[in-house]
Number of protein chains: 2
Amino acid sequence: MRLGMIFRITGALIFFLGLTMIFPLLFSLYYRDGDLWAFILSAAITTGAGAFLFLIFRGTNQEISHREGFVIVALGWASAAFFGSLPYMLAGVFSSFVEAYFEATSGFTTTGATVLAAIEGAPRGILFWRSLTHWLGGMGIIVLSIAILPFLGVGGMQLFKAEVPGPVADKLKPRIAETAKVLWKVYILISGAETLLLMAGGMDLFEALCHTFGTMATGGFSTRNVSIGSYDKAYFDGVIVVFMILAGTNFALHYQALTGNFRAFYRNSEVRFYWATLAGAMLFVTLILRLHIYDTLATAFRYASFQVTSIMTTTGYTTADFEMWPSFVQYTLVVLMFIGGSAGSTGGGMKCVRILLLLKQGRRELSRLIHPHGVIPVRLGGQVVSDGVIQSVWGFFFLFILVFILASVIMSLLGLDIITAFVSVAATINNIGPGLGAVGPMDNYTSIPVIGKWILIFCMLVGRLELYTIIILLVPEFWKR
Amino acid sequence: MRLGMIFRITGALIFFLGLTMIFPLLFSLYYRDGDLWAFILSAAITTGAGAFLFLIFRGTNQEISHREGFVIVALGWASAAFFGSLPYMLAGVFSSFVEAYFEATSGFTTTGATVLAAIEGAPRGILFWRSLTHWLGGMGIIVLSIAILPFLGVGGMQLFKAEVPGPVADKLKPRIAETAKVLWKVYILISGAETLLLMAGGMDLFEALCHTFGTMATGGFSTRNVSIGSYDKAYFDGVIVVFMILAGTNFALHYQALTGNFRAFYRNSEVRFYWATLAGAMLFVTLILRLHIYDTLATAFRYASFQVTSIMTTTGYTTADFEMWPSFVQYTLVVLMFIGGSAGSTGGGMKCVRILLLLKQGRRELSRLIHPHGVIPVRLGGQVVSDGVIQSVWGFFFLFILVFILASVIMSLLGLDIITAFVSVAATINNIGPGLGAVGPMDNYTSIPVIGKWILIFCMLVGRLELYTIIILLVPEFWKR
C-alpha cells in the first residue's frame, strides 16, 4: 500500500473540487445572498489543502494496484464530502457538522436526502453548490462503474469489461483517463440538452442548471421545498421524466447511440429489462391511481410516471405526496427502490443487471432440479456468464441485504418506528432520498437522531460505492500483507 | 410420470390420515362437545377415499423417479389439508371452505396461523384435531427434510445426505422407510417427555398433548385464545422454551445424542450458529425489555426468551403482546422469522444452515477481492462445500425473497396496510403464525380477505415444502418430456 501515492491522487482530486467552487461563487456574486465569503474561503481552503497533499507526497507514476484502487475510491468520496461540507459550515446554513457532512455526502453520492429544512430561505450559491455536488458525484460514478469497478472485480461488474468504450487497455490508469474523456462528453451533452429544454419551459438559468444536475446524477436536490411539484407544470414533469430515464441508462450505450449505433439499446438485455420494468410499474400504478385518486387517465399517468421513474432511477424528485397513495403503490415504490437503474448509469440501487442475473440463476436452479445431470449455462445477451461472476453477484446481493438489515435494526434501536427505520435505510443505501414515514416525500431527514444520521451517511456511501469498496476496508485481512 | 403410482401412494397416505382421526374421535366421545359425528363421518370419508385410490390404481413396486417425488410431496400435503379440513366443515366451526382449508393447511404445514376466532368455544375434539395436524405435519417434515429433499437436490439440502441416520441406501423408497422409523421413534420419545412434564405442572392430558403437538411441530396452535400466556406460569414457559429449542434442532442429531453421542450437537456448525443466534437475540431483547418494559431482569428474561425462541423456531406460541414492545424488538423478531430453525428439524424459515452458508460465501467474496487469484473454498464443519450446493442455496434464497415480495405486494393490493401485508406473508411463508399489525399476537387471520387467505395458504405450503417442491410444478418444462 503506497500511501504517498494515494494521498497525492486524493490531493489532486480535492484541488479540482476546490476549483469547481468557482461556479457557486459566481452565483453568489450575482445574487448577493450573503454566502460570498463562504465560497471564497471554501475554495481557498480546498484548493490549498489539495495542492498541499499533491505537492508534499511524491507520487510514483506506477500502475495503481488492486488494493490501492479500493482505498482511493473510498477516500475520494469521503474527502470530497468533507471539503464539500465547508461552504455549508461557513455560510452557517447548518448548526452542526454532522448535518453539513450529511448534506454533502447526500450530494456526492447522488442520494438527495436533505437535512435543509427551509430550502427557499437558503442562499442561492449554497443551493447551486448542493446541486453541483450531485453532478460531480454523478461524473465520478459513471467512471467508477464503467472504468474502475469492472477491473477491481466488484459484485459482478466484471461483466462490463467488454462494454467500456475507447481503446482497450488493461491497465487501470490509461483506461480511466480514456473512458472519462469519452463519457464526460456524453454526460455534458445530455445535461446541456436538458438545461436548454428546462429554460425553454420558463426556468431561469439557475433553476434549470440545478434541476439538470439533480436529474442527470439521479440525485434529487431541488431549489424548492416541495420539489418539482411546486412548478405544477406538465411540461417540466415530462422533460424530467425523459432525462431521468436517460440518466438511469448505461452511459456507454449513450456513447454508442451518439456515434450512430442506436440499436445498442435494444441489443442490451439489461436495458430491455430496465425499460420493461419501468413501463410495467408505470402501467400498474397508473391504473391504481386512476381507480383511487385521480379523475382522468392522463393525470394518473402524469403522476404515476413521474414518481415511478423518480424512485426506480433513484432520483427522488417528487410531484405528489405518495404517502397518501394506496399502500400497494407505496409497497411497489419500495420494491423499485432496491432494483434501481442500470449499471454504468448514475442510478443507484442493486442495478437491473444484477436482478436480471439472479432471476436467470433462480430459473436455472429450477431447470437443474428437472434435469439433474444437464449442464445449463446462464446467458446474458447471448454470452455465457461465468460462475465466478454469478458468485460475485450473489455475494453482493446477500451482503447488501445483510448491511441493510443491520443498519435498519440499529435505526429501530434509536427509537424510530418500523417503517421509518426500514425506509430511511432503503432510501439512503439505494441513493434515492425521500422515503416513507418520518422521512416521507413531504418531510426531510432533520428529525433523525445524530447517530442515525451517521448510520445513514454510511449507508449512502456504502450503497453508492457498490458495497464492497467500503466493506472491504473494514476487513482486517485487507490491511495485512 | 406414472400417475397411477402417484395416486396409489397418495391414497395410502390419505388412508392412514383417516385412521388418525380416531384419536380426536376418542376425545369427542369423552367430552361430548357435539363433534362426534363430524369425526365419524370424516374418518369414514377419508379412509374410504384413501382406500379407493390405493385399490383402483395399480402401483408398480418400482423406484420413484425424481420428478414423481416432487409431485407426491406437493400432492401429499395439499390432499392431507383437504381431507384434514373435513372435521372443521362437518362440525360447522367455519362458515366457508377457505377458512377450513386455511386452518388445515396451517396445521399440516406447522404454521399455527388461525382463523378460529373463539378457540375456547370450540369442541375439544376439534381442538385436538387442530393440534394433531401439527404433529403429523411435523412428522412429515422431518422425513421430508432428512430423507427426501437431499435426494431431490432442493436448495442445498444435498448437504445433509451424509447426516441421514440408518443404513445408507441411495434409493429413495428404502431410505424413506428406514429414516422414518428411526426418527419417528425420537420424535415420539421427546414428545412423550414434554407431555409428562406439562402434566406434572398441572395440565390435563388433553391440554398437555395439544401443547406438546404444537411445540414439537413448531406449530403454535393452542387450546386457549391468548396462547400459553393464559396459564401465566413460569414452569410451563420454561418447559415449552426448552422443547421449542429441541424441536428446532436437527432430529438426526437428537438420534445420535440418544445413542450416546452428545458431542454431535457441538460438532455441527449449523446447530452452533442456531444456538448462538438464539442466545444473542435473547440477551439483546432481555436488556431492551428490562430497560423499557419489565422491572426485573428475571421477568424480562422470561418473556424475552419465550418470544424469541417461539419466533425463531417458528412455533408462534406467545406469552406477551410483543406489538407493545419497542420497535427494535419487533424488528428483531421479524428478522428472526426469516432465519428460522435448523434443517432437519420441524422449524420453518430459510433455515440456519443456509444463512450460515450465505454468510460464509459473502465473506469469501471479500477475500476474493483481496486475493483475486486465490482459490478460497467455503467450508462447513470442516468439509468443502461444492459450488453446486452453494448455487442451490443462492437460488433458494433469491426465489424465497422473490415469492415473498410478489405475495406481499398482492396482499397490499388487497388493501392491507404495509406492515400487515409484509408481516402476514412473513409469518406464513416462514410457518410461524402470529405476526404484526392486523395479524399480531392478539389477533388472528379472520380479517384477511378471501383472496388473501388463498395467497397465504399458498405461502404456507411453498414455505414449508422448501419452495422448489411447489414452484417447480408451476414450470411448464417440468411437465414436458
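As shown above, the structure is provided for reference.
Cut-off values and rules
- Residues take numbers from 1 onward in each chain, read along the sequence in its written order.
- To read the labels, note that chains go from A and ligands from 1, taken in the order they are written.
- Note on the predicted model: pLDDT of at least 70 is required for a residue's local features to be given, and 80 or more for side-chain atom pairs to be given and counted; whole-chain, interface and lining totals, by contrast, use all residues.
- Water and hydrogen atoms were dropped before computing side-chain values, which therefore reflect all heavy atoms in the structure.
- Helical segments are the DSSP runs of H or I of at least four residues, strand segments are the runs of E of at least two, and each set is numbered from the N terminus.
- Throughout, the radius of gyration refers to the C-alpha atoms, and the reference size of a globule is 2.2 Å times the residue count to the power 0.38.
- For each residue, the accessible area found with a 1.4 Å probe, counting protein chains only, is set against the maximum for its type, and the residue is called buried under 20%, exposed over 50%, and partly exposed in between.
- Here, residues are in contact when the closest pair of their heavy atoms is within 4.5 Å.
- For every accessible area listed, the method is Shrake-Rupley and the probe measures 1.4 Å; residues are considered covered only by the protein chains on display.
- Two residue types count as positive, namely Lys and Arg, and two as negative, namely Asp and Glu; His and chain ends fall outside the count.
- Lys charges are placed at NZ, Arg charges at CZ, Asp charges at CG and Glu charges at CD.
- Expected helix span is taken as 1.5 Å per residue step, with the number of steps being one fewer than the number of residues.
- Definition used in this section: a nonpolar core is a set of buried Ala, Val, Leu, Ile, Met, Phe, Trp, Tyr and Cys residues joined via side-chain atoms within 4.5 Å.
- Any two of the Phe, Tyr and Trp rings considered here, Trp counted by its six-membered ring, make a pair once their centres fall within 6.5 Å; the pair's planes then place it as stacked at under 30 degrees, edge-to-face at over 60, or tilted in between.
- Should the NZ of a Lys or the CZ of an Arg lie within 6 Å of a ring centre and within 35 degrees of the ring normal, that charge is described as sitting over the ring.

**Q** Let's hear about the overall build of chain A: which residues, and what values?
**A** Counting its secondary structure elements, chain A contains 21 helices and two strands. Here chain A has a C-alpha radius of gyration of 22 Å; the compact-globule value for 481 residues is 23 Å, and the two agree. Each principal axis of the C-alpha distribution contributes one length, and for chain A these read about 70 × 65 × 50 Å. Taken over 481 residues, chain A has a buried fraction of 63%. For chain A, long-range pairs separated by at least 24 residues make up 72% of all intrachain contacts whose partners lie at least 6 apart in sequence. A total of about 17,000 Å² of accessible surface is found on chain A, and carbon and sulfur atoms cover 69% of it. Treating the 31 positive side-chain charges of chain A as one cloud and the 25 negative ones as another, the clouds have centres 12 Å apart.

**Q** Can you tell me about helix α17 (residues 387-413) of chain B, naming the residues and giving the values?
**A** Residues and elements named next belong to chain B. With 27 residues, α17 should cover 39 Å at 1.5 Å per step; its first-to-last C-alpha distance of 39 Å lies within 8% of that length. Extensive coverage of α17 is indicated by the burial of 20 of its 27 residues. Remark: Gly415 follows α17 within two positions and exhibits a positive phi of approximately 100°.

**Q** Pulling in residues and values, what's your account of the nonpolar core?
**A** By size, the foremost hydrophobic cluster in this structure holds 337 residues, and its most contacted members are Phe251, Trp325 and Tyr445 of chain A together with Phe251, Trp325 and Tyr445 of chain B. Once residues within four sequence positions are removed from consideration, Trp325 of chain B is found in contact with Val285, Leu289, Ile293, Tyr294, Tyr303, Ala304, Gln307, Ala320 and Gln330 of chain B.

**Q** Report on the packing of aromatic side chains, specifying residues and quantitative values.
**A** Overall, the coordinates contain 69 aromatic pairs over all chains when judged by the stated rule. For the pair Phe397 of chain A and Phe398 of chain B, a centre-to-centre distance of 5.4 Å together with 70° between the ring planes defines the contact as edge-to-face. Here Phe398 of chain B lies in helix α17 and Phe397 of chain A lies in helix α17 (residues 387-413), a pairing that spans two chains. Aromatic side chains Phe284 of chain B and Phe328 of chain B sit 6.4 Å apart centroid to centroid with 65° between the ring planes, which places their arrangement in the edge-to-face category. Of the two residues, Phe284 of chain B sits in helix α13 (residues 269-292) while Phe328 of chain B sits in helix α15 (residues 327-339), which places them 44 residues apart along the sequence. In this structure Phe284 of chain B comes out as exposed when scored by relative accessible area, which is 52%. Look at Phe328 of chain B and you get buried, because its relative accessible area is 6%. Three or more aromatic residues joined by ring pairs form one cluster here, namely Phe338, Phe396, Phe400, Phe404 and Phe422 of chain A together with Phe338, Phe396, Phe400, Phe404 and Phe422 of chain B. The ring of Phe478 of chain A is capped by Arg67 of chain A, whose NZ or CZ atom sits 5.5 Å from the centre of that ring. Residue placement shows Arg354 of chain B over the ring face of Phe396 of chain B; its charged tip is 3.5 Å from the ring centre.

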